[in-house]
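Structural overview
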Amino acid sequence: MIKDYLPILIQAVVAIGFAASALVVSIILGKAGKRNPTKDTAYECGMLPEGNAQPRFSVKFYQVAMLFILFDIEIVFMYPWAVVFREFVRAHHPVIFWSMLSFVSILTVGYVYAIKKGALDWKK
Amino acid sequence: MNDFLGIDWFFLATSLAKTLGIIFLVVLPMVSYTVYAERRISALIQDRLGPNRTGIPFTNIHMEGLGQPIADAVKFLLKEDLTPAHVNTFYFWLAPCLAMAPSLLTLSVIPFGSWLFGVPMVIANVNIGILFVFAIASLSVYGIVLAGWSSNSKYSFLGGVRSTSQMISYELSLGLSVIPLFLLLGKLNLVDIVDYQARNGWLLLPLWGEGLTLRRWLLLIPLLISFVVFTISIFAETNRLPFDLPEAETELVAGYHTEYSSMKFALFFLGEYAAMITGSSLIVTLFLGGWHLPIPWWSSGAGFHFALVDGAAPGIPGILGGLFNIATFFGKVAVLLAFFIWVRWTLPRFRYDQLMRLGWIFFFEIALVNIFLTAGILFYLP
Amino acid sequence: MSSLLPWLFSAIMLGFACAVVLNRNPVASALSLVVSFLALAGLYVSLNAFFIGVIQVLVYAGAIMVLFLFIIMLLDLKAEERRTLNTTATLGGLLVAAIFVCELFSVLRHFHKGSLPFPPLAAGPLDDVRGVGTMLFSNYNLPFQVIGALILVATVGVVVLSKRELK
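Summary of the structure given here. (Residues numbered from 1 in each chain as written. Chains lettered and ligands numbered in written order. Predicted model: local features only at pLDDT ≥ 70, side-chain atom pairs only at ≥ 80, totals over all residues.)

1. Remarks on the overall build of chain C
Helix and strand counts for chain C stand at seven helices and zero strands. If you list the helices and strands of chain C from N to C, you get α-α-α-α-α-α-α. Burial analysis of chain C (167 residues in total) assigns 26% to the buried set. Considering only intrachain contacts with a sequence separation of at least 6, the fraction spanning at least 24 residues in chain C is 59%. (Helix = DSSP H or I, 4+ residues; strand = E, 2+ residues; numbered from the N terminus. Buried ≥ 20, exposed ≤ 12 C-beta atoms within 10 Å, placed from the backbone. Contact = placed C-beta atoms within 7 Å.)

See the structure below:
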């Protein structure tokens, strides 16, 4: 019931409160930062920063993020399936096994396609 | 339920006490001493001494350097607090908090003991336990993404991007690898999983109760695979070696926290070790029996059996049992943490393409096949 | 107090939803959307829909918004903040919003309070994951497979679109 979830709210408040108060205490106790131009430039192993600080990065990272969303949805369906699996088997509903098998097989087609097209190959 | 305000102050007070106790009396000290253990064990492995001097101030008592974590904490608080001019200030400050909070929040659904003084030793006993863990863990990428983006520095940025795609990739194998457990149990509640293991054998040690059946011994194969995949994925989720590419110092200096200093850096550090503790707690809860420790016992009536230390028993035995269960749980977690450290100072680092291959191709496929292996066993041996 | 929680979460959700639109900085908008999703999850949980609540966090806040942030990182944020409002786009947006409000009113006009009450929740602890699973695999097997096909199409789409050569 909802009452079970209230401690989570408490824990969240305490966790965030701890992080925030640690920062506040360090502002109060710590030495105030003395600025100088060197401290105010991005660290690049002693060289002056070169070019754009946010370089464009490989499209592979987007691909992985998008594929992750899709397979995450697949996994989300597996949890209710896992919970009811044994009940269905006990009640002689073999549909539970074959239904998930066919669902995963459909998705495996996409997975194999992505691999064959090199979407998950980071060497290229 | 609506007259909540009137009835359950006891529940609120015990929840608050458990929260504060777990965070401030257990996890934070444990984090500090894990850092100490990391330094001492790495020194041992590399044939050095490590920090062995810091003891009681102004005396000659060193205590093998056990005072080191306290000194470290004081130094973190007192150091120069600098926000470089080239960063995006608000997000630069927000990121360490976001990196720290999720790992502490995840602990709230993990049962760290049985019962003590008639109070269940879990902060929130919820039905969707494991999904809650994954949901909150998936939020921990925000601290890293924001740190990398707001620092306006190439190393931070690349570290943040790498770390994010590594974490989301291994979330898949993490999510898939535990499904066999829930196929067996039919519940997502972590408290129920530990109760089941206490009565019917740990999932990796089926020696009593229902654990002695043929089916459970057959299921040991998929459960072992689950355990291996899950443990290695936890290494990747917590950015530990051999998966520490986001902060591979030879390539990226310190990754997403390159520009951080003083307490803001310390929060990332704490968050990382707290995530290790959360990960170890999860492994212990799911596979290694949680707070339960079987005690071989012989009595003339029942013969040889494993006794259950019960925290719910009345009186002094119950209190002692409850404390014993809590100690057992954190003892197991400490053993796993030592394993984490041992691995870190033993294995070399993966290359990025190897890491992605391992997560997306090897673990993903193994975990998927493993699910249907388990389902098949449960289907044909109901 | 627990009857207060849905209102609290709704308020947070709506507040941060407004912040999504009003912020000039795309990162601030994306993060506001995350908070809005989290509050929506809290709203679900406070209405006893625990599974949906946690999935809301797992999929929307934890997966989809990460992709959003990745894409936003590619933008030149300084240029985004300087950009002024486009009159046609603003008018178009207002028009859509106005049409939506009109539709809402026309639906609500025909709505009679209490004509079809919700069935009461079962007493005792509510195991909604089990409920979802039972429904999904007994009554909705075909839609479930169709979702599989949909995700397959999306997977192929991801691979094809990101492989396309720029001309």
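Resuming the write-up.
2. Points about the interface of chain C and chain A
On the side of chain A, 38 residues touch chain C, which itself brings 37 residues to the contact. Contributing elements (two or more residues each) for the side of chain C that touches chain A: α2 (26–46), α3 (50–74), α6 (128–138) and α7 (141–163) of chain C. Per-element tally for the side of chain C that touches chain A: the top contributor is α7(C), with 14 residues. Each residue belonging to the side of chain C that touches chain A can be placed in one class, and the counts come to 25 nonpolar, ten polar and two charged. (Nonpolar A, V, L, I, M, F, W, Y, C, P; charged D, E, K, R; others polar.)

3. Some details on the nonpolar core
Burial of nonpolar side chains together is a common tendency in soluble globular proteins. Counting 187 residues, the largest nonpolar core has Leu131(B), Leu267(B) and Val54(C) as the members making the most contacts within it. When residues in this core are grouped by element, the largest group, 17 residues, is from helix α2 (residues 59–90) of chain A. Each of domain 1 (1–103) and domain 2 (128–167) of chain C gives at least three residues to this core. Those residues within four positions of Leu131(B) in sequence are excluded, and the remaining contacts are Tyr79(A), Leu188(B), Val54(C) and Leu58(C). (Core = buried A, V, L, I, M, F, W, Y, C linked by C-beta atoms within 7 Å. Domains from an automatic or database assignment.)

4. Let's talk about the packing of helix α1 (residues 2–29) of chain A against helix α4 (residues 89–106) of chain B
Remark: α1(A) packs on α4(B), axes separated minimally by 9 Å, with the N-to-C direction vectors making an angle of 145°. In this structure, α1(A) crosses over α4(B), and the sense of that crossing is right-handed. On α4(B), the residues that touch Gln11(A), Ala12(A), Ala15(A), Ile16(A), Ala19(A), Ala20(A) and Leu23(A) of α1(A) are Trp93(B), Pro96(B), Cys97(B), Met100(B), Ala101(B), Leu104(B) and Leu105(B). (Axes fitted to C-alpha atoms, helices over the stretch in contact; angles between N-to-C directions. Left-handed = near helix turned anticlockwise from the far one by under 90°.)

5. Here's the deal with the interface of chain B and chain A
Counting residues at the interface gives 65 residues for chain B and 60 residues for chain A. The residue inventory of the side of chain B that touches chain A, partitioned by class, reads 43 nonpolar, 14 polar and eight charged.

6. Concerning the packing of α1(A) against helix α12 (residues 262–287) of chain B
Helix-helix packing is characterised by the crossing angle of the two axes and by the distance between the axes. Between α1(A) and α12(B), the shortest axis-to-axis distance is 9 Å and the interhelical angle comes to 155°. In terms of axis orientation, α1(A) runs roughly antiparallel to α12(B). For the pair α1(A) and α12(B), the sense of crossing is right-handed. Counted together, Ala19(A), Ala22(A), Leu23(A) and Ser26(A) of α1(A) and Ser262(B), Met263(B), Lys264(B) and Leu267(B) of α12(B) form the full contact between these two elements. (Parallel < 35°, antiparallel > 145°, perpendicular 65-115°, else oblique.)

7. Thoughts on the pairing of strand β4 (residues 303–307) of chain B
The side chains of a regular strand alternate, residue by residue, between the two faces of the sheet. Residue and element names in this part refer to chain B. Direction of pairing for strand β3 (residues 295–299) relative to β4: antiparallel, over a ladder of five bridges. Directly across from Trp297, in β4, lies its bridge partner His305. What sits between β3 and β4 in their antiparallel hairpin is a turn of three residues. (Pairing = 2+ DSSP bridges.)

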